[in-house]
Amino acid sequence: MFYLTIAPYLLQKIYSECIWKINTDKKEIFLTFDDGPTPEVTWFVLGELAKFQARATFFCIGSQVKNYPALYKEIIAHGHRTGNHTYDHLNGWRVKDNEYIDNIQLAKDVINSRLFRPPYGKITKFQLKILEGDKFRMKTVMWTVLSGDFDTTVSNEKCYQNVARNTREGSIVVFHDSEKAFTRLRYALPKTLDHFAARGFQFNTLPL
């Protein structure tokens, strides 16, 4: 599985209409969690975040929200933000534009948010233009740092180091509250929170 831990500069330039980091002069970082809500995993994340009074942004899959509406409400009740991650975790490069947009709208019916993150980070310029238009008025959020927790070949420690070594003020960091990522997330998230809290960082929701 090929991916880059740090968002490439060229990709950021090509998709400059997307948000890759937050400009801030404060010691704050922005943890995000994709693919939930997932019962055991999301509860674990909420518990760990609470220990540090941390706030995060959860990019949820619409079908998961439909299956676990009470857990989705718990995310919000804990002071976190949510975002749209399509209804069925679609790859924007592999489906027709109308199918992709309809799937986002389907998720929008159960996820009240103007934030959007494309699964796999794959979205076309045309799709972006529609989402930014008058009908949707959505903000497309990418990332600064990928933890790699979704990669089953990555060790727990490597997952943690991906974040610890590459995260700076304003970084948008991606974890996943999914069953597939749980082994690495369970190790890396507590260490990440402890590491940055000890250095005076705050963990905030995306200010968009």
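Our structure is the block above this text.
Residues numbered from 1 in each chain as written. Predicted model: local features only at pLDDT ≥ 70, side-chain atom pairs only at ≥ 80, totals over all residues. Heavy atoms only, no water.

Draft legend 1. Spotlight on the environment of Ala188. Here Ala188 is to be found in helix α8 (residues 182-197). Each C-alpha atom of the pair Ala188 and His78 lies 21 Å from the other, and the pair is 110 residues apart in sequence. Beyond its immediate chain neighbours, meaning those up to four positions away, Ala188 contacts Asn156, Cys159, Tyr160 and Phe175. (Helix = DSSP H or I, 4+ residues; strand = E, 2+ residues; numbered from the N terminus. Contact = heavy atoms within 4.5 Å.)

Draft legend 2. A look at the environment of Arg184. When you line up the elements, Arg184 lands in helix α8. Separated by 33 residues in sequence, Arg184 and Asp151 place their C-alpha atoms 8.8 Å apart. Once residues within four sequence positions are removed from consideration, Arg184 is found in contact with Gly148, Asp149, Asp151, Thr152, Val154, Ser155, Asn156 and Cys159.

Draft legend 3. Fine view of the pairing of strand β7 (residues 172-176). Taken across its 5 residues, β7 has 5 buried, putting it largely inside the fold. By the alternation rule, side chains of β7 split into Ile172, Val174 and His176 and Val173 and Phe175, which are all buried. In terms of strand pairing, strand β1 (residues 28-34) meets β7 through 5 bridges, oriented parallel. Bridging from a neighbouring strand, Thr32 pairs with Val174 of β7. (Buried < 20%, exposed > 50% of the residue type's maximum accessible area, 1.4 Å probe, protein only. Pairing = 2+ DSSP bridges.)

Draft legend 4. View of α8. The end-to-end C-alpha distance of α8, which contains 16 residues, comes to 22 Å, matching closely the 22 Å that a straight helix rising 1.5 Å per residue would cover. A maximum bend of about 25° is found in α8 at Ala188, where proline Pro190 lies one to four positions downstream. Residues of α8 that are buried: Phe182, Arg184, Leu185, Ala188, Leu189, Thr192, Leu193, His195 and Phe196. Tucked into the core, α8 has its buried residues touching β1, α2 (39-51), α7 (156-166), β7 and β8 (202-203). (Expected span 1.5 Å × (residues − 1). Bend = angle between axes of the 7 residues up to and from the residue.)

Draft legend 5. Quick look at the packing of α7 against α8. For the pair α7 and α8, the least separation of the axes is 8 Å and the interaxial angle reads 35°. With respect to the hand of their crossing, α7 and α8 are arranged in right-handed fashion. Of α8, the residues touching α7 (which contributes Asn156, Glu157, Cys159, Tyr160, Val163 and Ala164) are Thr183, Arg184, Tyr187, Ala188, Lys191, Thr192, His195 and Phe196. Broken down by class, the residue content of the contact of α7 with α8 amounts to 7 nonpolar, 4 polar and 3 charged. (Axes fitted to C-alpha atoms, helices over the stretch in contact; angles between N-to-C directions. Left-handed = near helix turned anticlockwise from the far one by under 90°. Nonpolar A, V, L, I, M, F, W, Y, C, P; charged D, E, K, R; others polar.)

Draft legend 6. Focus on the packing of aromatic side chains. This model, assessed by the stated rule, comprises 7 aromatic pairs. Considering the side-chain rings of Phe33 and Phe175, the 5.8 Å spacing of their centres and the 20° angle between planes classify their relative orientation as stacked. Here Phe33 is found in strand β1, whereas its partner Phe175 is found in strand β7, with 142 residues between them in sequence. Comparing Phe33 with Phe175, the two get one shared label, buried. With a centroid separation of 5.5 Å and 65° between ring planes, the pair formed by Phe44 and Phe182 is classed as edge-to-face. Taken together, the residues Phe44 in helix α2 and Phe182 in helix α8 connect sequence positions 138 residues apart. Within the aromatic cluster, the residues linked to one another by ring pairs are Phe33, Phe58 and Phe175. Sitting over the face of the ring of Tyr15, Lys125 holds its NZ or CZ atom 5.4 Å from the ring centroid. Taking NZ or CZ as reference, Arg186 lies 4.4 Å from the ring centre of Phe182, over its face. (Phe/Tyr/Trp six-rings, centres within 6.5 Å; stacked < 30°, edge-to-face > 60°. Lys NZ or Arg CZ within 6 Å of the ring centre and 35° of its normal.)

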